[in-house]
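An overview of the molecular structure
These are the residues of each chain, in order.
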Amino acid sequence: MHLSRLKLRDFRNYVRLDAEFGPGCHVLLGNNAQGKTNILEAVYLLATLRSFRGCGGAQMIRQGAKGYFVGGSVVGQGVSEIKAYWSPRERKLSLNERPIRRLADYFGVLRAVVFCSEDLALVKGPAQGRRRFLDLLLAQTVPGYLTLLMRYAKALRSRNALLKQALIDLVELDGFTLELVQAGEALIAARREFVPALAPRVQSAFRRIAAESDALSLHYQPGVAGDFAVTLSQSRTRERALKTTVVGPHRDDLTLLVNDRAAAPFTSEGQKRTLAIALKLAQAEHLADVHGTPPLLLIDDVMGELDARRRAAFVPLLQHSFRAGGQVFMTCTEENWPRQLGCELQRWKVEQGHLARGAE
Ligand SMILES: Nc1ncnc2c1ncn2[C@@H]1O[C@H](COP(=O)(O)OP(=O)(O)OP(=O)(O)O)[C@@H](O)[C@H]1O
Ligand SMILES: [Mg+2]
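Here the structure is a predicted model, which means the values were calculated and not measured.

What counts, and where the lines are drawn
Residues numbered from 1 in each chain as written. Chains lettered and ligands numbered in written order. Predicted model: local features only at pLDDT ≥ 70, side-chain atom pairs only at ≥ 80, totals over all residues. Helix = DSSP H or I, 4+ residues; strand = E, 2+ residues; numbered from the N terminus. Rg over C-alpha atoms; globule rule 2.2 N^0.38 Å. Buried ≥ 20, exposed ≤ 12 C-beta atoms within 10 Å, placed from the backbone. Contact = placed C-beta atoms within 7 Å. Expected span 1.5 Å × (residues − 1). Pairing = 2+ DSSP bridges. Arc of directions from axis to C-beta. Axes fitted to C-alpha atoms, helices over the stretch in contact; angles between N-to-C directions. Parallel < 35°, antiparallel > 145°, perpendicular 65-115°, else oblique. Left-handed = near helix turned anticlockwise from the far one by under 90°. Nonpolar A, V, L, I, M, F, W, Y, C, P; charged D, E, K, R; others polar. Near = placed C-beta within 6 Å.

Things to note about the overall build of the protein
What the protein contains, in helices and strands, is 14 helices and 15 strands. A compact globule built from 360 residues would reach a C-alpha radius of gyration of about 21 Å, and the protein, at 22 Å, matches this within 12%. A principal-axis box enclosing the C-alpha atoms of the protein has dimensions of 70 × 55 × 35 Å. Looking at the 360 residues of the protein, the share that counts as buried comes to 36%. A fraction of 72% describes how many contacts in the protein between residues 6 or more apart in sequence connect residues 24 or more apart.

Points about helix 1 (residues 36-48)
Here helix 1 spans 19 Å end to end across 13 residues, near enough to the 18 Å set by a 1.5 Å rise per residue. For helix 1, the tally of buried residues reaches 12 of 13 residues, placing the bulk of the element in the interior. Trailing helix 1 by a residue or two, Leu-49 shows a phi angle of about 60 degrees, which is positive.

Topic: the pairing of strand 15 (residues 354-357)
By the bridge criterion, 4 bridges tie strand 14 (residues 345-351) to strand 15 in an arrangement that is antiparallel. Opposite Val-350, over in strand 15, you have Leu-355 as the bridge partner.

Considering helix 14 (residues 314-323)
Taken as a whole, helix 14 has its buried residues at Phe-314, Leu-317, Leu-318 and Ser-321. One side of helix 14 carries all its buried residues, which in axial view fall inside an arc of 95 degrees. Turning to helix 14, the residues buried within the fold contact helix 11 (269-291), strand 12 (296-300), helix 13 (308-312) and strand 13 (327-332). Positive phi appears at Gly-325, one or two residues downstream of helix 14, with a value of about 75 degrees.

A closer look at the packing of helix 7 (residues 170-209) against helix 11
Contact pair helix 7 / helix 11: the axes reach a minimum separation of 8 Å and the direction vectors enclose 130 degrees. As far as their axial angle goes, helix 11 and helix 7 are oblique. Seen from above, helix 7 lies across helix 11 with right-handed handedness. Only Thr-274, Leu-275, Ile-277, Ala-278, Leu-279, Leu-281, Ala-282, Glu-285 and His-286 of helix 11 make contact with helix 7, whose side of the interface consists of Leu-198, Arg-201, Val-202, Ala-205, Phe-206 and Ile-209. Residues belonging to the contact of helix 7 with helix 11 are distributed by class as follows: 11 nonpolar, 2 polar and 2 charged.

Some details on the packing of helix 5 (residues 127-141) against helix 6 (residues 145-163)
Contact geometry of helix 5 with helix 6 gives a least axis separation of 7 Å together with a crossing angle of 135 degrees. As the angle between them shows, helix 5 and helix 6 are arranged oblique. Along the contact surface, helix 5 presents Asp-135, Leu-138 and Ala-139, while helix 6 presents Tyr-145, Leu-146 and Leu-149.

Description of the site of ligand 1
In the vicinity of ligand 1 lie 18 residues, with Asn-13, Asn-32, Lys-36, Thr-37 and Asn-38 positioned nearest. Looking at which element gives the most residues to the shell around ligand 1, the answer is helix 1, with 3 residues. Tallied by class, the residues present in the shell around ligand 1 amount to 3 nonpolar, 11 polar and 4 charged.

Here we look at the environment of Phe-206
One can find Phe-206 in helix 7. A residue is classified by how many C-beta atoms lie within 10 Å of it, and Phe-206, with 25 of them, is buried. Residues Phe-206 and Val-15, 191 residues apart in the sequence, show an inter-C-alpha distance of 41 Å. Each residue touching Phe-206, except ones within four places of it in the same chain, is listed here: Leu-216, Thr-274, Leu-275 and Ala-278.

Focus: the sheet that holds strand 7 (residues 98-99)
The 6 strands are arranged 2-1-4-5-6-7 in an open sheet whose pairing can be described as antiparallel. Two strands lie at the open edges of the sheet, namely strand 2 (14-20) and strand 7, each paired on one side alone. With 7 bridges joining them, strand 1 (residues 2-11) and strand 4 (residues 68-76) adopt antiparallel strand pairing. Its bridge partner being in strand 4, Leu-6 is matched across the sheet by Gly-72.

A word on the sheet that holds strand 12
Pairing within the open sheet is mixed, and its 6 strands lie in the order 8-12-13-3-14-15. With one partner strand each, in any of the chains shown, strand 8 (112-115) and strand 15 form the two edges of the open sheet. Strand-to-strand twist in this sheet, taken as the mean axis angle between neighbours without regard to direction, amounts to 20 degrees. Of the strand pairs in this sheet, strand 12 and strand 13 are connected by 4 bridges, and their pairing is parallel. Pairing of Asp-300 across the sheet is with Thr-331, part of strand 13.

Observations concerning unusual backbone geometry
Positive phi is not limited to glycine here, since Asn-259 has a value of about 50 degrees. With respect to the secondary-structure elements, Asn-259 resides in the loop between strand 10 (253-258) and strand 11 (261-262). Accessibility expressed as a C-beta count within 10 Å gives 13 for Asn-259, which makes it partly exposed. In this structure, Gln-352 is a non-glycine residue whose phi angle is positive, near 40 degrees. As for its placement among the helices and strands, Gln-352 is situated in the loop between strand 14 and strand 15.

Quick look at the structure:
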């Protein structure tokens, strides 16, 4: 799978960009604040309809413009044309000129894994980031998961809106509760099955890059102890007082332990970074295994920050990607690539919102 064409209009600092890319490894070189990460952000947006910087649509519109457009051609089994337009008033998403109404019909056209400084929040930050990591990977690999997740989110929104009212219609509440429990139990089951399957991959990536004495373990930590329906009914008084649903898989977490202690408070910055990279390496390897083709790898400035050992951990993944006809985009301010990459680099120069082919 690769992105053969990228078209941007009024996206971040790009007035317009039309670029064509082959498979292989593309290096985006440029000084700070020129628009390197913005390109990775646009590619990731095509894959997931989200920014990996955690910001909303409005921030991605070029200052002074009304809306942004990001389009791309994806070569996989056939060619898919994706077009996404976003403005505060209007959102349009199409696949091969057909409007997309159900997100589940769109997901999977382009699969990408990003390595960026924000990954550190997977270890340091709140549970939400780890839930998103799990949900994205499950949505990218388990048919029906995204639909389930959206059903749960909708039931949760409706139920919480109802709990905020002064007079609560109990029949309506029962209806939302039933839907919440049905979708929620299926989510819990999927996550409970998935985490132990993912754990060995993360552990193996971690072993390759961490100090030898460090041992990592990962556990699914459900936001419901016991039966969801029962726990929910037991929480009635508390949820009335707080006016929100207080138990459920929207409170799930993924526990990360290094040497049997919680990773966030007890590890060094370097260990946290190693763990974050291990999670992402595992994500990329899992996607490649399940689908038989490697995902796009978007590597933002990461290499500059890593020591030789951790850089070397990327090499098997990159080489597998090259052999399988995959595609990699990486940004850097100066070329600091390990020689052992063993692939031809296609160099691009990024300068003030313009992309140009660089010297071979
Ligand atoms: N909505 C926007 N409209 C116009 N310009 C924007 C917008 N959002 C960001 N920018 C500009 O984009 C530039 C930053 O782009 P980007 O983050 O891609 O830089 P970079 O090349 O990755 O730099 P670094 O090496 O520092 O990471 C900045 O000049 C910033 O002002
Ligand atoms: Mg950047």
